[in-house]
Every structure is written in C-alpha cells, then in structure tokens.
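Fold and contact review
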Amino acid sequence: MNEVVHQHQQSQPETQRSDSREPVALLPAVDIFEHADALMLIADMPGVTRDSLHLEVDNNVLSLEGEIQLSMPEGLTALHAEVSGQRFARRFTLSHEVESEAISARIDNGVLSVTLPKKDNHRVRRIEVKAA
C-alpha cells in the first residue's frame, strides 16, 4: 500500500518560534502500522486526556488536536514549566483506501490508538489455489 497515509508538513517541534513569541504546537510522536484489513496509528500523548483531545476527518484529512493539561501539584510553586498548557497538532492525508466513516480511536495512559479500516475492495485477500 503506497501512500495510504501522508503526513502534512508542519513546523519544527519547538516551544517558540525564533521570529516571534507565538507558541508552536507540539508534534506528538506517531507510528503507523498496516494490517491486512486496517491501518493502526499509535501516537504518544503523555498528559493528554480524552476530554482535551479532538480528532476529526475532513476531506480525507485526519486531524489530531488538543492541549496537554497538567495540574500543578498542590502546595508547590512552578519555577520553570514547559509542559503545562501546551497545544499539540498532527494532520495526515488519508488515501481513498481508508473507510473514513469507520475510523475509531481510543486513548489509554497517554497512548492514542486510531484504527483506520480499509475499504473492502482494498483489503488483502488470500486466493485459494486448487489442484486440477
């Protein structure tokens, strides 16, 4: 399967751009695996909860967006904090082989798993060879 999922070009994963004070969205690490009937996208998102995560497919583009919300431990004062309140975003263009209406997602302990089922006509199918 060639180019089933194509990553959009994005900024470097910095906390700030050198030419401005605008924060840059973090780029969570993502692995993509292929099975015969689906693709599996696994994203490392420590500190991300289900409520702070937004996934959508629009015009064959899968978007993962949200914000890391880590609370300050009670009784402590931050001297330096880089993680709390950081935005994250990733976008992937899906090929026509993905059944976008059947995509499902699950987050467990900061690991997001997105299942991208293939359309029936693009699934690998074994053909039985019979003896004459």
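Above this text sits the structure in question.
These remarks concern the structure in this document. Please read all numbers here as calculations on a predicted model, not as lab measurements. (Residues numbered from 1 in each chain as written. Predicted model: local features only at pLDDT ≥ 70, side-chain atom pairs only at ≥ 80, totals over all residues. Heavy atoms only, no water.)

Regarding the overall build of the protein
Quick note on the threshold: Per the convention used, a helix needs a DSSP run of H or I reaching at least four residues, while a strand needs a run of E reaching at least two, with both numbered from the N terminus. By definition, residues are in contact when any of their heavy atoms lie within 4.5 Å. To measure how exposed things are, a 1.4 Å probe is used in the Shrake-Rupley method; for residues, cover is taken only from the protein chains shown.
Looking only at helices and strands, the protein features zero helices and eight strands. For the protein, the succession of helices and strands along the chain, N to C, is β-β-β-β-β-β-β-β. Counting contacts in the protein only where the partners sit at least 6 residues apart, residues at least 24 apart contribute 57% of the total. By element, 46% of the accessible surface of the protein is carried by carbon and sulfur atoms, the whole surface being about 9,600 Å².

Observations regarding the sheet that holds strand E8 (residues 111–117)
Quick note on the threshold: At least two bridges found by DSSP between two strands are what make those strands a pair. Axis lines are fitted through C-alpha atoms, for helices just across the contact stretch, and the angle between N-to-C directions can take any value from 0 to 180 degrees.
Overall, antiparallel pairing links the four strands, which are arranged E2-E3-E8-E7 in an open sheet. For this open sheet the edge positions go to strand E2 (30–34) and strand E7 (104–108), each flanked by a neighbour on one side alone. Strand-to-strand, the axes of this sheet are offset by a mean angle of 15 degrees, without reference to chain direction. Taken together, the seven bridges between strand E3 (residues 38–44) and E8 define a ladder with antiparallel strand orientation. Opposite Asp 44, over in E8, you have Val 111 as the bridge partner.

So, the pairing of strand E4 (residues 53–58)
Across six bridges, E4 lies against strand E5 (residues 61–67) in antiparallel orientation. By the bridge assignment for E5, His 54 is matched with Glu 65. Between the antiparallel neighbours E4 and E5 lie two residues, among them Asn 59 with a positive phi of about 55 degrees.

Some points on the side chain of Arg 90
Put simply, the rule is: Throughout this description, a polar contact denotes any pair of N or O atoms lying within 3.5 Å of each other; where both atoms belong to protein, one of them has to be capable of donating a hydrogen while the other can accept it, and for residues adjacent in sequence the pair is counted only when both atoms sit in side chains.
Mapping Arg 90 onto the fold places it in strand E6 (residues 87–94). A distance of 2.4 Å separates a polar atom in the side chain of Arg 90 from the backbone oxygen of Pro 28.

So, the nonpolar core
Going by this rule: Buried Ala, Val, Leu, Ile, Met, Phe, Trp, Tyr and Cys residues that are joined via side-chain atoms within 4.5 Å together make up what is termed a nonpolar core. Exposure categories follow from relative accessible area, calculated using a 1.4 Å probe and restricted to protein chains: below 20% of the type maximum is buried, above 50% is exposed, and the middle band is partly exposed.
Residues Leu 41, Met 45, Leu 62, Leu 64, Leu 112 and Leu 116 are the most contacted members of the largest nonpolar core, which totals 16 residues. Of all the secondary structure elements, the ones that give two or more residues to this core are E3, E5, E6 and E8. For Met 45, the contacting residues outside a window of four places in its chain are Pro 28, Leu 53, Leu 64, Phe 88, Gly 110 and Leu 112.

Remarks on the environment of Ser 100
Positionally, Ser 100 belongs in the loop between E6 and E7. Using a relative accessible area of 27% as the deciding quantity, one classes Ser 100 as partly exposed. Between the alpha carbons of Ser 100 and Lys 119 there is a distance of 8.9 Å; along the sequence they are 19 residues apart.

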